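Geometric and topological summary
The primary structure of each chain is shown beneath.
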Amino acid sequence: LYTIPVLIALFLLTTLYSFDVFLVKHFLSEADAGFYSAASLIGKIVFFATLSISTVMFPKVSEFYEKKKFSDVRRVLNISLILTVILSLGIVGFYLLFPHFVVVVLFGKKFLSITNILWVFALVYGMFSLIYSLCMYNLSIKRYTFIYFIALMNIVEVILIWLYHATLSNVLWMLMIVFFVTLFFLLFYTYTYQFKEEVRRADEI
């Protein structure tokens, strides 16, 4: 039974960072869709580079949670988020300083027109890396209600891109809005939660 919410969450997170590419292919020209897909793939390097952090965090948080070591649970979360931010900003900075080098090495000179938005894509997927880590954390402590919000944001993403897709920048900004709202919600959802055992102890005191 535990695998069911995990699989649903992973599916919704995958669609959250994939819908934009499918919609761009539908609404924009083949050339623009190719440029967007290339920029998106380069941006996703940020997510794949930080994925190992949340992968390690998941079992450690689950272990500490089962042992009721709640201070360690939060400590692991905080360290994971800090490491994700540092690594993400490092890649964003590299894209900002050397966009031509990145594009030429990965896709060739024909794609140099995406250099001006490359760092923005990296920033967007840096936010998604934090979203993913927060989702994995909540799954590891068996909190599942956030999944409804992720499902809602999938719908919002489709609607926004459906309405605002005139240029690649429009689509990118819609994606940024969706990820920013999702990240803000998950931070609030995660850090305002108190473990029941801690609340019980506070009442006894």
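Each residue is numbered by its place in its chain's sequence as written, counting from 1. Only residues with pLDDT of 70 or above have their local features reported here, since the model is predicted, and side-chain atom pairs are shown and tallied only from 80 upward, although totals for entire chains, interfaces and linings are computed over all residues. Side-chain numbers here rest on the full set of heavy atoms in the structure, without hydrogens or water.

1. Side note on unusual backbone geometry
One non-glycine residue, lysine 68, lies in positive phi territory at about 60°. Here a strand is any run of E in DSSP of at least two residues, a helix any run of H or I of at least four, and the numbering for each starts at the N terminus. As for its placement among the helices and strands, lysine 68 is situated in the loop between α3 (30–66) and α4 (70–97). Even without being a glycine, lysine 142 presents a positive backbone phi close to 65°. You can see lysine 142 is positioned in the loop between α6 (118–140) and α7 (146–163).

2. What to know about the packing of aromatic side chains
Paired rings are identified among Phe, Tyr and Trp, the last through its six-membered ring, by centres lying within 6.5 Å, and are further divided according to the angle between planes into stacked (under 30 degrees), edge-to-face (over 60) and tilted (the rest). Evaluated as defined, the whole model comprises 20 aromatic pairs. Residues phenylalanine 27 and tryptophan 162 carry aromatic rings whose centres are separated by 5.0 Å and whose planes lie at 90° to one another, so their mutual orientation is edge-to-face. Placement of the pair is phenylalanine 27 in helix α2 (residues 19–27) and tryptophan 162 in helix α7, with a sequence separation of 135 residues. Ring geometry for phenylalanine 107 against phenylalanine 111: centres 5.5 Å apart, planes inclined by 50°, an arrangement best described as tilted. Each residue's exposure class comes from its accessible area (1.4 Å probe, protein chains only) as a fraction of the maximum for that residue type: buried when under 20%, exposed when over 50%, partly exposed otherwise. Judged by relative accessible area, which is 31%, phenylalanine 107 ranks as partly exposed. Given the relative accessible area of 22%, phenylalanine 111 is considered partly exposed. Counting as a charge over the ring demands two things of the Lys NZ or Arg CZ atom: a distance within 6 Å of the ring centre and an angle within 35 degrees of the ring normal. Between arginine 143 and the ring centre of tyrosine 189, over which it is positioned, the NZ or CZ distance is 3.9 Å. The ring of tyrosine 193 carries arginine 143 above its face, with NZ or CZ at 3.8 Å from the centroid.

By themselves these figures say nothing about function.
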